[in-house]
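Take a look at the letters that make up each chain.
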Amino acid sequence: MENHVTQISRDDLDDLRDAFNRIDVDNSGYVSDFELQELFREANFCLPGYKVREIVEIFIAGDTNKDEKISFDEFVSIYQELKSKELSETFRKTVRRRDGIRSFGGTSGNSSEGTQHSYSDEEKVAFVNWINKALAKDPDCQHLLPMNPDDESLFTSVRDGILLCKMINHSQPDTIDERVINTKKHATFKMTENLVLALNSASAIGCTVVSIDAHDLMAGKPHLVLGLLWQIIKVGLFADIEIGKNEGLIGLMTDKENLDELMSLSPEELLLRWVNRHLRNAGTDTISNFSEDIKDSRAYFHLLEQISLQEEQEYKLKVKIDMSGLSVRDLDQRAELMLQQAARLDCRQFVSPHDVTSGNSKLNIAFVANLYNMHHGVQKEINGGNSIGTIHVEPETNEEKTFRNWMNSLGVSPRVNHLYWDLCDGLIIMQLYEKVNVPVNWKKVNNPPYPVLGANMKKLENCNYAVKLGRDEARFSLVGIGGENLNEGSRMHTLALVWQLMRRYTMSVLPDAGQGGDKVEDQVILNWVNNTLSQKRKDTQISSFKDKLISTSLPVIDLIDAIAPGTVKWDMVKRAQKGVLKEADKLNNAKYAISLARKIGARVYVQPEDLVKVNPKMVLTLFASLMGHGLNKAKR
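Description of the structure in this document. Residue positions are given per chain, counting from 1 as you read along its sequence in written order. Only residues with pLDDT of 70 or above have their local features reported here, since the model is predicted, and side-chain atom pairs are shown and tallied only from 80 upward, although totals for entire chains, interfaces and linings are computed over all residues. Side-chain numbers here rest on the full set of heavy atoms in the structure, without hydrogens or water.

At the junction of L145 and P146, the peptide bond is cis and its omega measures out at -5° in the coordinates. Where helices and strands are cited, they refer to DSSP runs of H or I of at least four residues and of E of at least two residues respectively, numbered from the N terminus. Position of P146 among the secondary structure elements: in the loop between α6 (121-134) and α7 (153-157). In this structure, P414 follows S413 across a cis peptide bond, with omega equal to 0°. As for its position among the elements, P414 is in the loop between α18 (398-409) and α19 (427-435). Backbone geometry places S297, a non-glycine residue, at a positive phi of 70°. By the element assignment, S297 lies in the loop between α13 (267-281) and α14 (298-315). Not every positive phi belongs to a glycine, and S553 is a case in point at roughly 70°. Mapped onto the elements, S553 comes out in the loop between α23 (522-535) and α24 (554-563).

Here it is as structure tokens:
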């Protein structure tokens, strides 16, 4: 940087020093690059988030020691450059619009050529509007909402972590104990705690966050923020599009299908069938996708009309859909008229007229999923004497849900919607082997599309290979388990293999686990837990991972306090009265303990009920994760 640099007065320099010290809470003499925007704010020199990110990218590129930290002198230098109004010449403009796509880039320490990412303005607008509606009445979000969908406020609004935590709970209620969220103080380390809590909680509900950290969210990287939010929103939208939660969906089974095949369908495929059932009832053409086939809005008009007719019949709710928009030739105008009818059902979310006419598949799926959740109308259709009405599907257990979310958080493809039927071709299991460092020879694996004739034979060959890998390479105990058991979706046999995979993965976080994950025995973890509790003079001790004391969650909370002193708010912890702790208090403690574990950085998948009921397998994973976090923290 050059040219005429504005000189800073002594008083201004003192003010900058005061601002710097308020951000440099640990008195290290440095602030991190992701704290720069807050530092500017403290110095009463507010800049939009994207401009700060440009500065950070160029700073990192020229940072000779590559530590990505900013000293006071470096901050003053940057401040002077900005004050000298040379910004437009010094920092290249990196944001531009192109057909609703924004691109942004810059140089980094890894590449002088820079990096380039893009994101959709339409998605940003849709997510902002959804969040504004979902959290409008939340008192902890009043400093953030409503966000302006036409600017970049979304990317700065996620930096304190509160919005992300709240959206996770909106999608999956009670995932985060809100007593753990830092809602009052907005110091950087408090915001970082919230972001770590959000990321670990997102992982626990099945979001893939392996390529995102708190630093990325603090910096407001648009493509990562939008990607994470879409995953969180989608989890909520798809939560009830599941046969175990709505047996009325069994009515979507075709004559040539069995229940297993229906249960293997993804939420998107079930949504498509739900729409087409309504379209057939309307006597109009069906659709095969949520992109090309919905551009003319015809399918949506008929879908809305059928929903309104059904609700009038079942619930006496009278909303007559105006179908005159179908005669309008201009597709954008027709889409707007359709969305006006959707608004009468309180379902004008996620799409604009242009999103419909351009066939934005992601946003149209979200639009239809929200419509289904508000007005699915399938529950009562399955009665009437046919054989389907007698079918009952057991809902997903906590353990099954935990395993499924764990797999999805690792980014397996395709996404696991049903634990048994989605594993019956062995491909997900192969991917999980690689996650636990068991080598897979992919030349021996049959990949889809499978031939029409002999498809199941190809899947069975995969399952046989999966069992062989488990026995020979992973050294798992697979007595009585054959490839046919996995191929048939056997609950008992599939769970036995999946548990050993998850256990191996959990043990891999321990410093002495080794590549195979077998070096750490259960007793080693148990001893570490008790020794750590003793060293910190805690009263709780456990005899095993089946110890009934675990149902109170007190050993877990004590251990968290031992690892991260000051984290626990003891007035939140329920204690036994007259030697007995009520079940409701146990559940309260369990929710608090799990959220605390995630907040301090332990990635745990256990659910509160697992602690209350003392599920030894899930309890083991919790203590192992805390042990791994504690040992790694001690090394730093």
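Moving on, there is more to tell.
Patches in this entry comprise residues that are over 30% relatively accessible and not in a salt bridge; like charges within 9 Å are linked, as are nonpolar side chains (Val, Leu, Ile, Met, Phe, Trp, Tyr) within 5 Å. Only the protein chains shown count as covering a residue, and every accessible area follows the Shrake-Rupley method with a 1.4 Å probe. The salt bridge criterion pairs a side-chain nitrogen of Lys or Arg with a carboxyl oxygen of Asp or Glu, the two atoms within 4 Å. Residues scored as positive are Lys and Arg, those scored as negative are Asp and Glu, and His as well as the terminal groups of each chain are ignored. The atoms used to mark charge sites are NZ of Lys, CZ of Arg, CG of Asp and CD of Glu. Together, D11, D12, D14, D15 and D18 make up a negatively charged patch on the protein surface. For D18, the location among the structural elements is in helix α1 (residues 10-23). Working definition: with a 1.4 Å probe on protein chains only, accessible area under 20% of the residue-type maximum means buried, over 50% means exposed, and in between means partly exposed. Judged by relative accessible area, D18 falls into the partly exposed class, the value being 40%.

This paragraph deals with the nonpolar core. Here is a general trend for soluble globular proteins: nonpolar side chains tend to be buried in one another's company. For the purposes of this section, nonpolar cores are sets of buried Ala, Val, Leu, Ile, Met, Phe, Trp, Tyr and Cys residues that join through side-chain atoms within 4.5 Å. Y433 and I525 are the most contacted members of the largest nonpolar core, which totals 172 residues. Element by element, the count of residues in this core is highest for helix α11 (residues 222-238), at 11 residues. Every residue in contact with Y433, bar those within four places of it in the chain, is listed here: V438, V440, A466, L469, G470, A474, F476, L497 and L501. Core analysis: the next-biggest nonpolar cluster, separate from the first, contains 19 residues, F40, I55, V56 and I70 among them. Two residues form a contact once any of their heavy atoms are found within 4.5 Å.

Bringing α13 into the picture now. To estimate how far a helix should reach, multiply one less than its number of residues by 1.5 Å. In a regular helix each residue adds 1.5 Å, so 15 residues correspond to 21 Å; α13 covers 21 Å between its end C-alpha atoms and thus fits that length. Among the residues of α13, P267, L270, L271, L272, W274, V275, N276, R277, H278 and L279 are the ones counted as buried. Looking one or two residues beyond α13, the residue adopting positive phi is G283, at roughly 75°.

For helices, the fitted axis covers only the stretch in contact; all axes are lines through C-alpha atoms, and the angles between them, taken along N-to-C directions, range from 0 to 180 degrees. Put simply, helix α9 (residues 188-204) and helix α25 (residues 583-599) touch, their axes get as near as 7 Å, and they point 115° apart. Classified by the angle their axes make, α9 and α25 are roughly perpendicular. Our pair here, α9 against α25, has a crossing hand that is right-handed. On α25, the residues touching E193, V196, L197, N200, S201 and A204 of α9 are S595, R598 and K599. Classification used: nonpolar for Ala, Val, Leu, Ile, Met, Phe, Trp, Tyr, Cys and Pro, charged for Asp, Glu, Lys and Arg, polar for all others including Gly. Classifying every residue of the contact of α9 with α25 by side-chain character gives 3 nonpolar, 3 polar and 3 charged. For classification purposes, an angle smaller than 35 degrees is called roughly parallel, one larger than 145 roughly antiparallel, one from 65 to 115 roughly perpendicular, and anything else oblique. Rotating anticlockwise by less than a right angle from the far helix to the near helix defines a left-handed crossing, while the corresponding clockwise rotation defines a right-handed one.

Moving on to α25. Over its 17 residues, α25 runs 24 Å from end to end, which matches the ideal 24 Å to within 8%, given 1.5 Å per residue. In terms of burial, α25 is a largely internal element, 12 of the 17 residues being buried. Taken as a whole, α25 has its buried residues at D585, K586, N589, A590, Y592, A593, I594, S595, L596, A597, R598 and K599. The inward-facing, buried residues of α25 abut α9, α24, α26 (608-612) and α27 (616-635). Just past α25, the residue G601 takes up positive phi, approximately 115°.

Turning our eyes to something else, we now look at the packing of aromatic side chains. Stacked, tilted and edge-to-face are the three classes applied to pairs of Phe, Tyr and Trp rings, where Trp contributes its six-membered ring and a pair requires centres within 6.5 Å; stacked means planes under 30 degrees apart, edge-to-face means over 60, and tilted covers the rest. Evaluated as defined, the whole model comprises 10 aromatic pairs. Between F75 and Y79, the ring centres sit 6.2 Å apart and the planes meet at 55°, which makes this aromatic pair tilted. Note that F75 and Y79 are positioned in helix α4 (residues 72-83) at a spacing of 4 residues, about one turn of the helix. On the basis of relative accessible area, Y79 is assigned to the buried category, the value being 10%. Their ring planes at 65° and their centres at 5.1 Å tell us that Y300 and F367 sit as a pair that is edge-to-face. With Y300 in helix α14 and F367 in helix α17 (residues 361-375), this residue pair connects regions lying 67 residues apart in the sequence. Accessibility classification places Y300 together with F367 in one group, the buried group. Taken together, F20, F72, F75 and Y79 form an aromatic cluster joined through their ring pairs. It is R17 that lies over the ring of F72; its NZ or CZ is 3.7 Å from the centre. In this scheme, the term charge over a ring applies when either NZ of a lysine or CZ of an arginine sits within 6 Å of the ring centre and within 35 degrees of the ring normal.

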